[in-house]
Amino acid sequence: MNLLANRKAFTRADIEPIAAAIPAERQASARHYGVHPYFTRRPANVVRAYIERYSRMGDIVLDSFGGTGVTAIEALLSGRKAVHNDLNPFANFITENIADTSLPSTTPLKQAFARIEEACAPKIKTIESAAEAEMGKLLKQLPLPENIRLPSNSDAEHFFDLFTPRQLAGLAALKQAIDGERDDHARGPLLLAWSASVAKLNKTFLSAEGRAESRGGSSIFSIYRYKLAKSVVELPIWETFKGRFLNVLSAKDEVFHLRDHFNRTQPQFPIDSAKNLTVLAQDAATLSATLGPQSVDYIYTDPPYGAHIAYLDLSILWNHWLGFAVSDATRQAEAIVGGECNFSEDHYKRKLADSIRDCLVLLKPDRWLSIVFQHWDTSYFATILETASEHGADLRAAVTQERDVIWSMHKKKNSENVLSGEMILTFYKPAAHRRPGTAKKPVAQASRLRMKKTLPEILDSVLSPQSSVLHAPGLTGEFIFNQVILEAWRENCLSALFVTREAFAHELRARGWKYQPKTNQWSKGAALPELLVLHEGSGTYGVTPPTQGRKRKAR
Ligand SMILES: C[S@@+](CC[C@H](N)C(=O)[O-])C[C@H]1O[C@@H](n2cnc3c(N)ncnc32)[C@H](O)[C@@H]1O
């Protein structure tokens, strides 16, 4: 008997999906943490675990809504060919400057920093100590960007209104010196440090209560608009820049160290950003036209979540001063609700659906796709799940990644109404060609007829005595909400389901659950919770060991 002939060939369908949440180590990697603020940056250790599980060395890994490049950087540093895409030039600027491996070490960066210090530290000292009356004269001698209008929901009308004259002059003097730096590869990271300084040296900077004045952040990243601080904090300009530069230096040190170690131990897949990193700046829905159908081995992506964040409006502060043009066509392609373009929900859902469809065109057969998402609007989940299903992908795992974040101020106020984590939905695109619309759903066909189930009915099944979720000592709202989404999808009624945060909280209370603001958990009974995961081919949710017993920091 030919044993080899009988052995089933390993396909990527055999990959065991990640079924449990992975504790986030947000501050663990200097290459992401503290380099530059951006919106909804994903924890690198979680992203990397997904890349390592669902792809192999030498594979092409794509993030079509790449942000600051966590996916691309982790893919590159784990021996994959990374493709990063984002409409926002500012996001791509951060990504490229962290990921660039062309320098042999950080020595040229330190040398370039010394040249900048020599060129402009005295000038900055003068600016820092000048009287208000002298600032006009100083500003006249410095190159400034055009004073454009800001989005209409901003406290400030024009670009310059975002800065005190001293901040404007200090940043302009620094930028002038960096623009004149002769080492091309050092100029990028220095500009990155300058750009991170802009985030602190402007009137939207809000000092964190009870901490050093310099700790805190811009309202752009906490309340997602240009809100000016009631009492403006003017941090020291040179010291702020130096601090940002040291963070960039740590990031680059880490990247170079990982590169050198990897290239010594795995010489067959050398890490080299010039060869293995592609950065694109186009609508995520159009990538297959550039990269070609069936060209990608794994996609991990984190699209915008509806109306929360108008990325391009909020990045004007950087895009404008860095000289990155954003065309009207680019603005029109942004996948958000609202913003200065006042995009409708339909626009957002269309963009979301088009980009997921394109992901499935881009993906080779027998490959995996992970989409990170969270929102109260169940119809957004329906858009994702239905589009993926219609284009041949099977949902194989849905994991709630609760977030150990420092809750932003507006989140703290109404914490029971906040979804502070996200769900990672992982799909498999089968090897065999399947006609669109014929993907297996994790639901008995008979239930297709039951199109209307209400929130109370769904909660009753999610929290029924037979359910693995009931009797848990503590579950976050996002975990329970995600079970509602999955149950509604299983029962084929997701698109008809409407949930408000208030109704959700009310229904939980009506079932005897209580919210604990300190732990951000709902509790009833005493058994441990279990996670739900879809097991391949079974069409049912399997049960995996609990991971939620870990302690959350009470904030
Ligand atoms: C949730 S963020 C991604 C953040 C990323 N996970 C990170 O770790 O930094 C979504 C990104 O999608 C980008 N974006 C919005 N509409 C887009 C579109 N149509 N095509 C490509 N990117 C888009 C935004 O600029 C934003 O950076």
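Analysis parameters
Residues numbered from 1 in each chain as written. Predicted model: local features only at pLDDT ≥ 70, side-chain atom pairs only at ≥ 80, totals over all residues. Helix = DSSP H or I, 4+ residues; strand = E, 2+ residues; numbered from the N terminus. Buried ≥ 20, exposed ≤ 12 C-beta atoms within 10 Å, placed from the backbone. Contact = placed C-beta atoms within 7 Å. Near = placed C-beta within 6 Å. Nonpolar A, V, L, I, M, F, W, Y, C, P; charged D, E, K, R; others polar. Expected span 1.5 Å × (residues − 1). pLDDT = per-residue confidence, 0-100. Core = buried A, V, L, I, M, F, W, Y, C linked by C-beta atoms within 7 Å. Pairing = 2+ DSSP bridges. Axes fitted to C-alpha atoms, helices over the stretch in contact; angles between N-to-C directions. Parallel < 35°, antiparallel > 145°, perpendicular 65-115°, else oblique. Left-handed = near helix turned anticlockwise from the far one by under 90°. Arc of directions from axis to C-beta.

Caption draft 1: Quick peek at the overall build of the protein chain. Each helix and strand counted, the protein chain has 21 helices and 13 strands in total. Per-residue burial over the protein chain gives 43% buried out of 555 residues. In the protein chain, 76% of the contacts between residues at least 6 apart in sequence involve partners at least 24 apart.

Caption draft 2: Structural view of the site of the ligand. The environment of the ligand is formed by 24 residues, the closest being Phe65, Gly67, Asn88, Ala284 and Asp302. Along the lines of polarity and charge, the residues of the shell around the ligand split into 12 nonpolar, 5 polar and 7 charged.

Caption draft 3: Spotlight on unusual backbone geometry. One non-glycine residue, Thr40, adopts positive backbone phi at about 45 degrees. You can see Thr40 is positioned in the loop between α1 (3-6) and α2 (44-54). Positioned with a positive phi, Asp366 is a non-glycine residue whose angle comes to about 60 degrees. Among the residues examined, Asp366 registers 16 C-beta atoms within 10 Å and is labelled partly exposed.

Caption draft 4: The arrangement of helix α16 (residues 345-362) in detail. With 18 residues, α16 should cover 26 Å at 1.5 Å per step; its first-to-last C-alpha distance of 26 Å lies within 8% of that length. Those residues of α16 lying buried are Tyr348, Lys349, Lys351, Leu352, Ser355, Ile356, Asp358, Cys359, Leu360 and Leu362. Buried residues along α16 sit in contact with β1 (60-63), α12 (287-291), β6 (296-301), β7 (363-373), α17 (378-390) and β9 (422-429).

Caption draft 5: Summary view of the confidence of the model for the protein chain. Overall, the prediction assigns the protein chain a mean pLDDT of 86, with 85% of residues at 70 or greater. Segment residues 405-413: pLDDT under 50, and 11 contacts once partners within four positions in sequence are set aside and those in other chains are kept. Every residue in residues 442-450 scores below 50 in pLDDT, and together they form 14 contacts with partners more than four places removed in sequence or on other chains.

Caption draft 6: Structural detail: the nonpolar core. Leu76, Leu174, Ile299, Ile384 and Leu425 are the most contacted members of the largest nonpolar core, which totals 134 residues. Non-local contacts of Leu174, meaning those with residues more than four positions away in its chain, are made with Cys120, Ile124, Trp194 and Phe241.

Caption draft 7: Layout of the sheet that holds β6. Sheet architecture is open: 7 strands sit in the order β5-β2-β1-β6-β7-β9-β8, paired in mixed fashion. Each having just a single partner strand, β5 (277-280) and β8 (394-401) make up the two edges of the open sheet. Neighbour-to-neighbour, the strand axes of this sheet turn through a mean angle of 15 degrees, independent of strand direction. Where β1 and strand β2 (residues 81-85) come together, 4 bridges link them in parallel fashion. Paired with Val61 across the two strands is Ala82, which belongs to β2. Sheet strands touched by α16: β1, β6, β7 and β9. Its angle to β7, the strand with the most contacts, is close to 150 degrees. Here helix α20 (residues 477-490) sits on the sheet and contacts β8 and β9; the angle it forms with β8, its principal contact strand, is near 165 degrees.

Caption draft 8: Fine view of the pairing of β7. Most of β7 sits out of view: 8 of its 11 residues are buried. Looking at chain direction, β6 and β7 are connected through 5 bridges and run parallel. In the sheet register, Ile299 faces β7, and the bridge partner there is Leu369.

Caption draft 9: Structural context of the environment of Gln167. By the secondary structure assignment, Gln167 is in helix α7 (residues 165-179). Taking the number of C-beta atoms within 10 Å as the measure of exposure, Gln167 has 23 and is therefore buried.

Caption draft 10: Spotlight on the packing of α16 against α17. Where α16 meets α17, the closest approach of the two axes is 9 Å, and the angle between their N-to-C directions is 30 degrees. The orientation of α16 with respect to α17, classified from their angle, is roughly parallel. Judged by the twist between their axes, the crossing of α16 over α17 is right-handed. Residue-level contacts link Lys349, Leu352, Ala353, Ile356, Arg357 and Leu360 of α16 to Tyr380, Thr383, Ile384, Thr387 and Ala388 of α17. Of the residues belonging to the contact of α16 with α17, the class tally is 7 nonpolar, 2 polar and 2 charged.

Caption draft 11: Local environment of the packing of helix α3 (residues 70-77) against helix α4 (residues 89-99). It is the contact of α3 with α4, at a shortest axis distance of 9 Å, that shows an interaxial angle of 20 degrees. If you check the angle between α3 and α4, you find them roughly parallel. Relative to α4, α3 is oriented so that their crossing is right-handed. Where α3 abuts α4, its residues Ala72, Ile73 and Leu76 lie against Thr95, Ile98 and Ala99.

Caption draft 12: Representation of helix α21 (residues 501-510) in the model. Inspection of α21 places Phe504, Glu507 and Leu508 among the buried residues, and these make up the whole buried set. In a view along the axis of α21, the buried residues occupy a sector of 100 degrees, so they form one face of it. Set apart from the buried face of α21 by more than 90 degrees, the exposed residues are Glu502 and Ala510. If you follow the buried residues of α21, they end up packed against α19 (455-462), α20 and β11 (521-523). One or two steps after α21, the chain reaches Gly512, where phi turns positive at roughly 90 degrees.

Caption draft 13: Spatial organisation of the environment of Gln111. As for its position among the elements, Gln111 is in helix α5 (residues 107-129). A count of 11 C-beta atoms within 10 Å places Gln111 in the exposed class. Sequence spacing of Gln111 and Ala186 is 75 residues, and the spatial spacing of their C-alpha atoms is 8.9 Å.

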